[in-house]
Amino acid sequence: MVDLSRRSMLATTAAGAAAALAFRGPSPAPAQAQAAPPATGGHDPISVKWLEGGAPAEVTGGVTWGVPWPRGAFAPDQQFSLATAAGAQVPVQSWPIGWWPDGSVKWTAHAVSGTDPRAETYRLSAGTAAQPAKPVVVRTDGQVTVDTGVITVVFARSGEHLVKSITRGGTVIAKDGRLMASRQDKPDEPGKSEAFTSHVSSVKVEQSGPVRAVVKVEGKHKKGRREWLPFTVRFYLYAGSDAVRVVHTFVYDGNEAKDFVNGLGVEFTVPMRGEPHDRHVRFAGENGGVLAEAVRGITGLRRDPGAAVRQAQYEGKATPDPATWDQRVTTRLHWIPTWGDYRLSQLNAHGFEIRKRTKDGHSWIKVDGGRRAAGLAYLGGPTGGLAFGMRDFWQLHPTELEITGAAGDEAKARVWMWSPRAGAMDLRFYHDGLGQDTYPEQLDALEITYEDYEPGFGTPYGVARTTELTFWALETTPAGERFAQLAAANATPPLLISPPQHNHTAGVFGPWAPADRSVPAKAALEDKLDLMHQYHREQVDQRSWYGFWDYGDVMHSYDGDRHVWRYDIGGYAWDNSELSTDLWLWYHYLRTGDAKAYRFAEAMTRHTSEVDMYHLGKWRGLGTRHGVQHWADSAKQVRISNAGYKRFYYFLTADERIGDVLHELIDSDRTFLILDPGRKLGGDPFDPDPKALGVGQSTDWGALAMAWLTEWERNGDPIARTKLINGATTIAALPNGWVQAGVTYNLADGRYNPMTEKSVAIGSLSSVFGLIEVMNELIGLIDDAAVKAKWVEFCRLYNGTRAEQEAVTGAYWGGLNLRQAYSRATAYAAVQLDDQALAKRAWQELRTGHAGYPDNHPFGSVRVEGSAVLNPIDEAQLSTNASAQFGLAAFQCLALVGEHI
């Protein structure tokens, strides 16, 4: 719970360097105008293109993306216009999502409707935006109504239905949209089962047009007196569009020993019109494949109704008047089965199956199957219908698309994010701890399995999952090619991006530079970086790292004897952001602009932002260290929930859910009142003093600082900025700064308590969880010579000699590990001190490869197949931690001291 009195006091008493920097205050709603700061310099138009290249045939309603700008370029109230390369104006909605310290805009978000003509490239520039022909209109009274000009969606403010109706041209396409969840009390057999439905507690309009509207619905799943599984669902609607994009998040808050979720889904009621032979079902398969059927099929019969009739039904059009058919068919229609129920079940990443039946109580028959379904279905007829689907459908298995009751007056269309056919989620801790009841026993086990286990800590209570869905209210049954295009957009929503060179010139995310092959040495290094990235990316598919709770993460370390990643060995299994894997992937995308790199990083961010951190309970705001299960390890740490791993995705897409997660993290320092990160190393009873907490000024503070920096950038809670600057300035005032031993932290204002005696405490992990990256950015945002000097001192000394360390800090720092990773710290010091010797030393440190990859390391892979492995795989001498840190070090050395390569 946030201490409001503390916030009130600090909002008016920011001290020291914090008080010297202007703060613009909370940002108004995006649709409102903002007062401009002093005149700014402007910026030339920039090119914007589609991530995957070319103009997509379909989009999921519309597209929203972020663009960075150099400091001082624009005021926050700057308007923007968008035009195709040929000069045609495109309606665009723009709003600021990030600010520089001087109040100028750092990031803008832009939204366009998918109904506007799509070009391969666009020009974004300062100017008056064109208005949509059919702007989004939002009305709020007893309910919330959003009219896109094509469809009208009505949201209830309470009750079980999130969406009351979706209409098009006066026709109700779908209604009574609700969430479903079910549980059983035993994991391996049904036992006692209960069904829950959504219960809405709040509805908020976050944006109201003219191009884009966003409605946020919150609540819990309810049955009787029990309410659980809190949800947040956002609905995105765009001008002139018939699509509704949905971002669904739920948090697990049950008892994992008896609350086994065996179904989680979204349901709409679809009114059925016309005769059964004019009602159509569509399912998307793989590679553009489509299954097209009617509820009552009239093709393939013993008697032929006529070629025109058969063709119309196959194409999903209204059939001719039955009086024109062969009457041997017309008089016998009642004998033809009506198939009212359909299911496409994707219970694993390697196969789906479609079944149908006439109605409840009758047998299911197999229709067809395939490998990986695109995740879209349709139900309707010539007068309209509902296409409904889920992104990452096969990747997030076990999933299902279901239709029931299509032969009656009303059918149900369901997207199951967890299929009831899959069995229950079993989120219990994977082993019994083997008697590890005391810290000495737990530490002894850590020596062999590299897993930090403690009873009661391997709980999933508070972990979450976000899923993206799309619903189209279509005017008529789509042709096969159109349906395949919708499925492709649902599976991989098109995104507009600004190019790497512009993003680099804007000066965001610290020192990095676009990929550069201008000289042979740089080209050779770029090739290694590409090979390394490609290997880890392709391992996802080769090792089948998919599934509801797993997709997006990668494994930590490799077992060469078994030719597998160490999926079952303690802390060597799932990576959980260890050593900043997320940072490596995002910087690789920034440098290359590569679509595959973006999708890889995006999937990881969706996963690590939800599954690897807690959103409820006493550990809210903490993440879980790497392990066999994402929540299994007992080390709950801010270094894993690190906002620095998530902010890329927020600023590049303006994604509101990630924005929620980032805001959750600004009070993570309060978890140090609840959990002692060093509890197994000390021995004293845990008696936290809010004025003297054991918050480390390196790994811990680096993660906290990223959350505060991001909140400051977003113009959010001013306390974040205060704590960020108080922390940096008071650490710099310590005799040995970031390596000072025995420091304590004051929760009230984010200051570290002063010390006078020099002492040293430093570990090799101190700066590899984002501290280097946040300091590189922070120093460029604040004008504080002491902070800069002390940080540069640290960067120079980490890989320095014993004599250098002792001369400055009074002690030898010990035989520190990860010297290759810290070559980027040396490079930073070289630039700040204008020291060419340090620049050359940075490259030597990178090439030597201490605790990483030396210059002659083989980045290629070898094929392993036959009886040595279950499936053919590629194997390389790479580990995730080493790859992440080598990548980050190489990126920054290239950007900072590239001329010395």
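See the structure above.
Residues numbered from 1 in each chain as written. Predicted model: local features only at pLDDT ≥ 70, side-chain atom pairs only at ≥ 80, totals over all residues. Heavy atoms only, no water.

Visitor: I would appreciate a short explanation of the pattern of salt bridges in the present structure.
Guide: Close approach of charged atoms allows side chains with opposite charge to pair. Taken as a whole and assessed by the stated rule, the structure comprises 62 salt bridges. Where Arg679 meets Glu454, a salt bridge forms, and the shortest distance between an N and an O atom there is 3.0 Å. Placement of the pair is Arg679 in the loop between α12 (656-664) and α13 (699-713) and Glu454 in the loop between α5 (439-449) and β27 (464-474), with a sequence separation of 225 residues. Of the two residues, Arg679 and Glu454, both sit in the buried class. The salt bridge partner of Arg863 is Asp874, with a shortest N-O separation of 3.2 Å. Residue Arg863 is found in strand β35 (residues 862-864), and its partner Asp874 is found in strand β36 (residues 873-875); the two are separated by 11 residues along the sequence. Under the relative-accessibility criterion, Asp874 is labelled buried at 16%. (Salt bridge = Lys/Arg side-chain N within 4 Å of Asp/Glu carboxyl O. Helix = DSSP H or I, 4+ residues; strand = E, 2+ residues; numbered from the N terminus. Buried < 20%, exposed > 50% of the residue type's maximum accessible area, 1.4 Å probe, protein only.)

Visitor: I'm lost on the pairing of strand β26 (residues 410-418) in this one. Help?
Guide: Looking down a regular strand, the side chains alternate between one sheet face and the other. Most of β26 sits inside the fold, with 7 of its 9 residues counted as buried. When strand β17 (residues 260-271) meets β26, the two strands line up antiparallel, connected through 8 bridges. Following the sheet pairing, Phe268 is matched in β26 by Ala413. Two strands pair when backbone bridges link them, and strand β25 (residues 399-404) and β26 are joined in this way by 5 bridges, in the antiparallel orientation. Paired with Leu401 across the strands is Val415, a residue of β26. Linking β25 back to β26 in an antiparallel pair, the connection comprises 5 residues, with Gly405 at a positive phi of about 75 degrees. (Pairing = 2+ DSSP bridges.)

Visitor: I'm lost on helix α20 (residues 880-897) in this one. Help?
Guide: In an α-helix, one turn spans 3.6 residues; hence positions three or four apart end up facing the same way. Helix length check: α20 (18 residues) gives 25 Å between terminal C-alpha atoms against 26 Å at 1.5 Å per residue, within 8%. α20 sits mainly inside the fold: 17 of its 18 residues count as buried. (Expected span 1.5 Å × (residues − 1).)

Visitor: Please explain the pairing of strand β11 (residues 161-168) as it appears in this structure.
Guide: Judged by how many residues are buried, β11 sits mostly within the fold: 6 of 8 residues are covered. Note that strand β10 (residues 151-155) and β11 share 5 bridges and pair antiparallel. Following the sheet pairing, Val154 is matched in β11 by Ser165. Hairpin connection, β10 to β11: the antiparallel pair is bridged by 5 residues, and Gly159 has positive phi, about 95 degrees. In textbook terms, the turn of a hairpin is the stretch between consecutive antiparallel strands, and for β11 and strand β12 (residues 171-184) this stretch comprises 2 residues, one of which, Gly169, has a positive phi near 55 degrees.

Visitor: What is the right way to read the sheet that holds strand β2 (residues 62-68) from this model?
Guide: As a general point, the strands of a sheet are linked pairwise by backbone hydrogen bonds and lie either parallel or antiparallel. Here 3 strands make up an open sheet; going across it, the order is β2-β6-β5 and the pairing antiparallel. The sheet is open, and its two borders are formed by β2 and β5 (93-99), each paired with just one other strand. Averaged over all neighbouring strand pairs, the angle between strand axes comes to 20 degrees, with direction disregarded. Pairing of β5 with strand β6 (residues 105-113) involves 6 bridges; the strand directions are antiparallel. (Axes fitted to C-alpha atoms, helices over the stretch in contact; angles between N-to-C directions.)

Visitor: Help me understand the state of the cysteines in this model?
Guide: Here, disulfide denotes a covalent bond that connects the sulfur atoms of two cysteines. Enumeration according to the criterion identifies 0 disulfides in this entry. Residue Cys795 stays outside any disulfide, its sulfur separated by 12 Å from that of Cys893, the closest cysteine. On the basis of relative accessible area, Cys893 is assigned to the buried category, the value being 0%. (Disulfide = S-S within 2.5 Å.)

Visitor: Help me understand unusual backbone geometry in this model?
Guide: Note on backbone geometry: most residues besides glycine have negative phi, and most peptide bonds are trans. Residue Pro210 follows Gly209 across a cis peptide bond; omega there is 15 degrees. Among the structural elements, Pro210 can be located in the loop between β13 (193-208) and β14 (212-223). The residue after His397, namely Pro398, is reached through a cis peptide bond having omega 5 degrees. With respect to the helices and strands, the residue Pro398 is situated in the loop between β24 (384-390) and β25. Non-glycine residue Leu818 carries a positive phi angle of around 60 degrees. Residue classification places Leu818 among the buried positions, given a relative accessible area of 10%.

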